[in-house]
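Single-letter residue listing:
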Amino acid sequence: MATTPKFAVEDRFARVAILFSFVMLALGSLFGLVQALTRFPGLLHALGLDKVITPELYYTGLTLHGVANAILFTAFFIMGLAVFVVTRDMNINLHGPLLRLACMMAIGGTLVAAVPILLGQATVLYTFYPPLNANVLFYLGLAVVVVASWIFAAVVFHGIYRWKKANPDKEIPLGVWGVITTLVIWLYATPPLAYEVLFLLVPMSLAGMPVDVLEARLWFWYFGHPLVYFWLLPAVTLWYTLLPRVLGTEVFSKTMAKVAFVLYMIFSTPVGLHHQYVDPGVHPVFKYLHATLTYFVAVPSFLTAFNLIATLERAGRARGGKGLFGWVTALPWFKDPVFTGLALAIIIFGTGGFSGVINASFQINYVVHNTMWIPGHFHTTVGSGVALSFLTASLVLIPLLYGRQIVSMKTVKAAFVLWFVGIMLFSVGGYLSGLAGEPRRTYAPPYLNGVQVTAHLLDLMKSAASVAMSGALMFWLGGALFLGTLFFSVLFGKRVAFEGEVKISPEPGPASWFEKNLKLILIVGVVLILISYSLPAIEVYSQGLSPAPPQGPLK
Ligand code: HEM
Ligand SMILES: [Cu+2]
């Protein structure tokens, strides 16, 4: 089935990982629908679902939604994509048995973690904040997935290292730069998470050991922020490589792209305290340090925006676009679905990026924290900028990896439109209802149970929430249509065969400053992490911990 017999093992890994990731997305998104419906009591009643969608189902579903969509869908797709990019761009084989081991461990760990979630014994949402307590299988399952990801990273780095030894004077292809950046960030981010899970959460779950909330949150968010760049960078890699490919051009500036990757690598990790502005017990000076570093990490995103827009302008002009904006209309907006999907994902991500800069502000964060503003923000970033880019890439990957054609591009385009309009309504509605005070992660928001909020705010909240949730239903429908088409294509699509090589990245030139100084870049990253996290860690540990006993999630 694989396109190139040379990559039989690697392609099998990619096929399994990518298909599994879509199953996770389908499962997780099913509960996105449940969450949206809980905020439409009238509709629930009309559909006779008000007895079915209980608070228990809402919170269990919200846990599954976050874990399956944000952690598992992304991680599995990223592993499949990384293997595809590295094998094709470097023309190398990876260590087959270890790759298989990583795959089996990751899937096994996922299934183990899924059992307690589905049984309602791990309703701790995807941040699994203690003292909320889950069945130990939840923590152990996720720990196995993390160990599998380390084995995976070792396999990929080993392959890249071998290639580099054989080609010391050659530039690392741009797509592989994306893979390296993604995995480096993951390796920077995960050790403290492993510490939290193994030394705090597992003992809490097994032996009822109390856990200090602030200590656990510090290490969770140390991991949690770079996690968002772990999601984003593969999408950025697709924007730098696949987008120009479908337009028949190259990225405007390879050097600027590498600068962006390096800045992401250095600045993604030392910023996690921007999720903890409202947490007491961390000195505001450290929060300001992380806030400042957060603004630095916006720089590579702006570089990416400039680079991509310049690439698009060049492609539009090459197609005959004239004048100031003629190149925009010259682009193949609805002609080439791969272009459509990636371009819409980038536009949606752009809007999410701006709300991210708002979240990062120390003061404004106090207003939006834990309101529906936040789901508005992250469904435009990971929930669309990333998810939609991955789905779009699968239009290319499914024929190449599964040897099947996509059954209907019309359905794909309809799905994109539903998604785009839906997500815009969802995010704008979410921003407004959030500003009016609508809480997130809450079964019964104030407008549903008659809590007194200033009347005009309540009105705003109500109407904005219904806009948001109509958008959620719409983009859920787009996602379902898209995933349905993909599953159908993998199973029943017309068979296609490919001849010849597939390259993801532009032709590499001679080794540049970036290749020669990768070690230095990695060291700078570690030093920044040490500076930004040793100070809050010293504070948290020196002021004395106050462990709290474990709590059931639903009492
Ligand atoms: C496909 C359609 C989707 C719908 C209808 C949907 C809907 C929702 C809604 C309404 C919430 C807020 C729940 C609440 O606070 O009451 C939510 C939370 C969330 N969503 Fe989605 N979503 C979808 C897709 C996605 C995707 C693709 C991702 C990530 C890749 C994602 C990640 C998350 C996360 C991480 C949360 C927060 C969970 C938590 O607070 O623990 N969602 N979603
Ligand atoms: Cu963050």
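This write-up is about the structure you can find in this document. (Residues numbered from 1 in each chain as written. Chains lettered and ligands numbered in written order. Predicted model: local features only at pLDDT ≥ 70, side-chain atom pairs only at ≥ 80, totals over all residues. Heavy atoms only, no water.)

## Brief notes about the overall build of the protein
Of regular secondary structure, the protein possesses 18 helices and zero strands. A compact globule built from 555 residues should have a C-alpha radius of gyration of about 24 Å, and the protein, at 23 Å, falls within 12% of that. Counting only C-alpha atoms, the protein reaches 65 × 55 × 45 Å along its principal axes. Counting the 555 residues in the protein, one finds 57% classified as buried. Pairs at least 24 residues apart make up 84% of the contacts formed inside the protein by residues separated by at least 6 positions. Of the roughly 21700 Å² of accessible surface on the protein, 72% is carried by carbon and sulfur atoms. Distance between charge centroids for the protein: 7 Å, based on 33 positive and 21 negative side chains. (Helix = DSSP H or I, 4+ residues; strand = E, 2+ residues; numbered from the N terminus. Rg over C-alpha atoms; globule rule 2.2 N^0.38 Å. Buried < 20%, exposed > 50% of the residue type's maximum accessible area, 1.4 Å probe, protein only. Contact = heavy atoms within 4.5 Å. Areas by Shrake-Rupley, 256 points an atom, 1.4 Å probe, with all protein chains shown as cover. Lys, Arg positive; Asp, Glu negative; His and termini not counted. Charge placed at Lys NZ, Arg CZ, Asp CG, Glu CD.)

## Comments concerning the coordination of the iron atom of ligand 1
Six octahedral donors around a metal ideally sit at 90 or 180 degrees from one another, while four tetrahedral donors ideally sit at 109.5 degrees. Surrounding the iron atom of ligand 1 are the protein donor atoms His65 (NE2) and His379 (NE2), at 1.9 to 2.0 Å. What the six donor atoms of the iron atom of ligand 1 show is an angle range of 86 to 180° at the metal, which sorts the shape as octahedral. Of this pair, histidine 65 sits in helix 3 (residues 55–90) while histidine 379 sits in helix 13 (residues 373–402); the two residues are 314 residues apart in sequence, bridging distant segments of the chain. Note on accessibility: histidine 65 and histidine 379 belong to one class, buried. (Donors = N, O, S within 2.8 Å, 3.2 Å for Na, K, Ca; no water. Tetrahedral: all angles 85-135°; square planar, octahedral: opposite > 155°, others 65-115°.)

## Some remarks on the site of ligand 1
Close contacts around ligand 1 come from 21 residues, with Arg39, Tyr58, His65, His379 and Arg441 the closest. One nitrogen or oxygen atom from the side chain of histidine 65 is found 2.7 Å from a nitrogen atom belonging to ligand 1. Counting residues per element, the ones that place at least two in the shell around ligand 1 are helix 1 (8–38), helix 3, helix 13 and helix 16 (455–492). The leading source of residues in the shell around ligand 1 is helix 3, at five residues. Counted by class, the shell around ligand 1 contains eleven nonpolar, seven polar and three charged residues. (Near = heavy atom within 4 Å. Polar contact = N/O pair within 3.5 Å; in protein donor to acceptor, adjacent residues only side chain to side chain. Nonpolar A, V, L, I, M, F, W, Y, C, P; charged D, E, K, R; others polar.)

## Details of the coordination of the copper ion (ligand 2)
Here the copper ion (ligand 2) is held by the protein donor atoms His225 (ND1), His274 (NE2) and His275 (NE2), which lie 1.7 to 2.1 Å from it. Mapping the donors of the copper ion (ligand 2) onto the primary sequence yields the spacing H-x48-H-H.

## Thoughts on the packing of helix 1 against helix 13
The interhelical angle for the contact between helix 1 and helix 13, taken along N-to-C directions, is 140°, at an axis separation of 11 Å. Here helix 1 is positioned oblique relative to helix 13, judged by the angle of their axes. Remark: the crossing between helix 1 and helix 13 carries left-handed chirality. When helix 1 is examined against helix 13, the residues Asp11, Ala14, Arg15, Ile18, Leu19, Phe22 and Leu25 are found in contact with a partner set consisting of Leu391, Ser394, Leu397, Leu401 and Tyr402. Residues that form the contact of helix 1 with helix 13 fall into these classes: nine nonpolar, one polar and two charged. (Axes fitted to C-alpha atoms, helices over the stretch in contact; angles between N-to-C directions. Parallel < 35°, antiparallel > 145°, perpendicular 65-115°, else oblique. Left-handed = near helix turned anticlockwise from the far one by under 90°.)

## Some remarks on unusual backbone geometry
Following proline 130, the chain continues to proline 131 via a peptide bond in cis, the omega torsion being 5°. By secondary structure assignment, the location of proline 131 is in the loop between helix 4 (96–118) and helix 5 (136–166). Positive phi, normally seen in glycine, also occurs at asparagine 370, with a value near 60°. Accessibility expressed as a relative area gives 40% for asparagine 370, which makes it partly exposed. Phi at arginine 441 takes a positive value of approximately 50°, unusual for a residue other than glycine.

## A closer look at the pattern of salt bridges
Following the criterion strictly, the structure yields eight salt bridges and no others. In this structure, glutamate 171 and lysine 258 form a salt bridge, with 2.7 Å as the shortest nitrogen-oxygen distance. Placement of glutamate 171 in the loop between helix 5 and helix 6 (174–207) and of lysine 258 in helix 8 (residues 254–267) is noted, with a sequence separation of 87 residues between them. Lysine 258 gets classed as buried once you look at its relative accessible area, which sits at 3%. Among the ionic pairs, lysine 258 bridges to glutamate 515, the shortest N-O distance being 3.2 Å. Taken as a pair, lysine 258 in helix 8 and glutamate 515 in helix 17 (residues 513–516) lie far apart in primary sequence, 257 residues in all. Accessibility assignment for this pair places lysine 258 and glutamate 515 in one class, buried. Several salt bridges share partner residues, and in doing so they unite Glu171, Lys254, Lys258 and Glu515 into one network. (Salt bridge = Lys/Arg side-chain N within 4 Å of Asp/Glu carboxyl O.)

## Quick notes on a nonpolar patch on the surface
On the surface, a cluster of nonpolar side chains totalling about 720 Å² of accessible area is made up of Val278, Ile358, Ile364, Tyr366, Val367, Val428, Leu432, Leu435 and Leu460. Looking at the nonpolar patch, the elements with two or more residues in it are helix 12 (362–368) and helix 14 (409–435). With respect to the secondary-structure elements, leucine 435 resides in helix 14. The partly exposed category is assigned to leucine 435, whose relative accessible area is 46%. (Patch = residues over 30% accessible without salt bridge, like charges linked within 9 Å, V, L, I, M, F, W, Y side chains within 5 Å.)

## Some details on the environment of alanine 36
If you trace the backbone, alanine 36 turns up in helix 1. According to the relative accessible area criterion, alanine 36 is buried, its value standing at 3%. Sequence separation of alanine 36 and alanine 472 is 436 residues, and the distance between their C-alpha atoms is 6.4 Å. The contacts of alanine 36, once residues within four sequence positions are left out, are Met469, Ala472 and Leu473.

## What to know about the packing of helix 3 against helix 13
Running from amino to carboxyl end, helix 3 crosses helix 13 at an angle of 40°, the nearest separation of the two axes being 11 Å. For the element pair helix 3 / helix 13, the angle class is oblique. The two elements helix 3 and helix 13 cross, and the hand of that crossing is left-handed. Each of His65, Phe73, Thr74, Phe77, Ile78, Leu81 and Phe84 in helix 3 lies in contact with helix 13, whose residues at this interface are His379, Val382, Ala387, Phe390, Ala393, Leu397, Leu400 and Leu401. Looking at the contact of helix 3 with helix 13 residue by residue, the class counts come to twelve nonpolar, three polar and no charged.

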